[in-house]
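Examining the three-dimensional arrangement
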Amino acid sequence: MTNKRHASPSQPPQSTTPRAPSLDPDTGEPLDDVSAPTSSSLPTANASASQSGAGVETGPTAPSEADVWKDRHLRLAAEFDNFRKRITKERSEMWMRAQADLVARLADALDDLSRFAHIDPADIDAKTLHEGVDLVERKVWKELEAAGVTRIDRAGVPFDPNVHEAVTMQPASKPEDDHTVGQVVQPGYKMRDILLRPARVVVLTWQGK
């Protein structure tokens, strides 16, 4: 008995019906096949996305606290520098006005002194010349005292290194005169609390004899 291999009936081939292409509603032309992206097209799409993202400009970021304090410091420094310059300018202008005011006070006395200096000696006697010079001196000192100037020319007072300059020393006749001004060689001057020139004096010292 022979075994015969029966061939299985072959299945009929499946018919594939081609899909109609999609048409563009505006032009009526067939559109390209829009299928799912393949693995080969993904890198290109990702690269395009990254390139498009790189070109997007972000908005301005808020300044940090350090930047705020730095800006505040620079502003304060600039304001202080302007204030310092303004104060320096005002002080300079004030000093110049004070000098100009003092010169204006002395202008009349300088005119009188100039007139006496140019008088012919044959036309004036010594007494008149002396009286004229004394008048000019009083006029000058009147204006200087009004400006706060005082003369340091007293003898017999204790020696003060703040206003006196010792040029020499002499022995004192009694202990009470020790370390006192015996003679004023050249007077000094003060303008209120400012020492213009110290007085040059002779200082007395007690030798104990």
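Provided above is the structure to which this section pertains.
Please read these numbers as outputs of a predicted model, since none were measured by experiment. Each residue is numbered by its place in its chain's sequence as written, counting from 1. Given that this is a predicted model, residues contribute local features only at a pLDDT of at least 70 and side-chain atom pairs are listed and counted only at 80 or more, while totals for whole chains, interfaces and linings are drawn from all residues. Hydrogens are left out, water is left out, and the side-chain values use all remaining heavy atoms of the structure.

1. Describing the nonpolar core
- Counting 8 residues, the largest nonpolar core consists of Ile152, Val157, Phe159, Val163, Val181, Ala199, Val201 and Val203.
- Take this core: its biggest share by element is 3 residues, from strand 6 (residues 199-205).
- Contacts: residue pairs with any heavy atoms within 4.5 Å of one another. Apart from residues no more than four positions distant in its own chain, Val203 is found in contact with Phe159, Ala166, Thr168, Met169, Gln170, His179 and Thr180. We define the nonpolar core as a collection of buried residues of types Ala, Val, Leu, Ile, Met, Phe, Trp, Tyr and Cys that are connected through side-chain atoms lying within 4.5 Å of one another. Only protein chains enter the calculation, and the probe is 1.4 Å; a residue is then buried if its accessible area is under 20% of its type maximum, exposed if over 50%, and partly exposed in between. Segments assigned H or I by DSSP are reported as helices when at least four residues long, segments assigned E as strands when at least two residues long, and all are numbered from the N terminus.

2. Re the sheet that holds strand 3 (residues 180-186)
- Pairing between two strands requires that DSSP report at least two bridges joining them. One open sheet holds the 3 strands; their spatial order is 2-6-3, and the pairing between them is mixed. Of all the strands in the sheet, just strand 2 (164-171) and strand 3 have a single pairing partner and so form its edges. Averaged over neighbouring strand pairs, the angle between their axes works out to 30° when direction is ignored.
- Across 5 bridges, strand 3 lies against strand 6 in antiparallel orientation. From the neighbouring strand, Gln183 faces strand 6, where its bridge partner is Val202. Axis lines are fitted through C-alpha atoms, for helices just across the contact stretch, and the angle between N-to-C directions can take any value from 0 to 180 degrees.

3. Brief notes about unusual backbone geometry
- We note that His179 has phi near 60°; this positive angle belongs to a residue other than glycine.
- Topologically, His179 is positioned in the loop between strand 2 and strand 3.
- The exposure class of His179 is partly exposed, given its relative accessible area of 44%.
- Located in the positive-phi region is Arg192, a residue other than glycine, with phi close to 60°.
- Turning to its location among the elements, Arg192 is positioned in the loop between strand 4 (188-191) and strand 5 (194-197).

4. Looking at the layout of surface pockets
- A pocket here means an open set of points on a 1 Å grid, computed over the protein atoms alone, that has protein on both sides within 12 Å along at least five of seven lines. A cavity is instead a set of points where a 1.4 Å probe fits but cannot get out; residues with an atom within 4 Å of a point line either one. Grid points are joined across faces, edges and corners, and a volume is the space filled by probe spheres set on the points. Here the largest pocket is characterised by a volume of approximately 270 Å³.
- Lining of the largest pocket is provided by 14 residues; of these, Trp95, Ala98, Leu102, Ala147 and Met191 occupy positions nearest its centre.
- Looking at the lining of the largest pocket, the elements that each hand over two or more residues are helix 2 (65-117), helix 3 (126-146) and strand 5.
- With 6 residues, the single largest contributor to the lining of the largest pocket is helix 2.
- Counted by class, the lining of the largest pocket contains 10 nonpolar, 1 polar and 3 charged residues. Just so you know the grouping, Ala, Val, Leu, Ile, Met, Phe, Trp, Tyr, Cys and Pro go in nonpolar, Asp, Glu, Lys and Arg go in charged, and all remaining residues, Gly too, go in polar.

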